[in-house]
Amino acid sequence: ANIENMLDFSVLYPKTKFIVLTNNYRSNQEILDLATTLIKNNLERITNKIKTINKKLISTNKPGKKPQLFTANNDIEEKTFILNTIKEEIEKWKEPSQIAIIVRNNREVEEYTSLLNQNQIETESKLKNNILKSNYIEFTMGYLKIITNPYENEKILIDILRSQISGLNQI
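Because the structure is predicted, anything quoted here is derived from the model rather than measured.

Peer 1: Quick rundown of the packing of helix H6 (residues 135-148) against helix H7 (residues 154-162)? Include the residues and the values.
Peer 2: The contact between H6 and H7 brings their axes to 9 Å, and the two run at 130°. One finds that H6 runs oblique with respect to H7. Crossing of H6 over H7 shows left-handed handedness. The residues of H7 that touch H6, namely those facing Phe139, Gly142, Tyr143, Lys145 and Ile146, are Ile156, Leu157 and Ile160. The residue makeup of the contact of H6 with H7, split by class, is six nonpolar, one polar and one charged.

Here it is in structure tokens:
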């Protein structure tokens, strides 16, 4: 939620009683504590604006493994670290269905799905697939554009040639 909405609401209705839900049913306490440590540096956090609010979350789950914090220098380093960590867990006989990657947006779901599938790691996603955005449809549409006007867009031609679907990248 937008913090300004909450702040404006409390100004418009000064008798507002805030009820903070503190029980967390999803994560263990170790994850919640790490998240709290990271987010308390956020100056826009509501607890920094309204001092009477305490958002100390309490896990209802049993204690778990302490989360590992990794700071990547770039996107490639981050994805490599995650891929290697997943491979290590699978080599230790961890069930792949017990491994999850939580991401911010749908684009990242697609990127990680592609990366893991390229490394023979099956994935399952709650992302609703749009068939019109599939690699096959984009390849076909690009191919049709090139047939219609071969000189219009060389980027499309290069993408087609680089595509796994074309089979040319395997030569």
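Peer 1: Describe the nonpolar core, naming the residues involved and giving the relevant values.
Peer 2: Counting six residues, the largest nonpolar core consists of Leu83, Ile86, Tyr112, Leu115, Leu116 and Ile121. Broken down by secondary-structure element, the contributors of at least two residues to this core are helix H4 (75-91) and helix H5 (106-118). Counting residues in hydrophobic clusters, the runner-up holds five residues, among them Leu7, Ile46, Ile50 and Ile53.

Rules used in this analysis
Residues numbered from 1 in each chain as written. Predicted model: local features only at pLDDT ≥ 70, side-chain atom pairs only at ≥ 80, totals over all residues. Heavy atoms only, no water. Axes fitted to C-alpha atoms, helices over the stretch in contact; angles between N-to-C directions. Helix = DSSP H or I, 4+ residues; strand = E, 2+ residues; numbered from the N terminus. Parallel < 35°, antiparallel > 145°, perpendicular 65-115°, else oblique. Left-handed = near helix turned anticlockwise from the far one by under 90°. Contact = heavy atoms within 4.5 Å. Nonpolar A, V, L, I, M, F, W, Y, C, P; charged D, E, K, R; others polar. Core = buried A, V, L, I, M, F, W, Y, C linked by side-chain atoms within 4.5 Å. Buried < 20%, exposed > 50% of the residue type's maximum accessible area, 1.4 Å probe, protein only.

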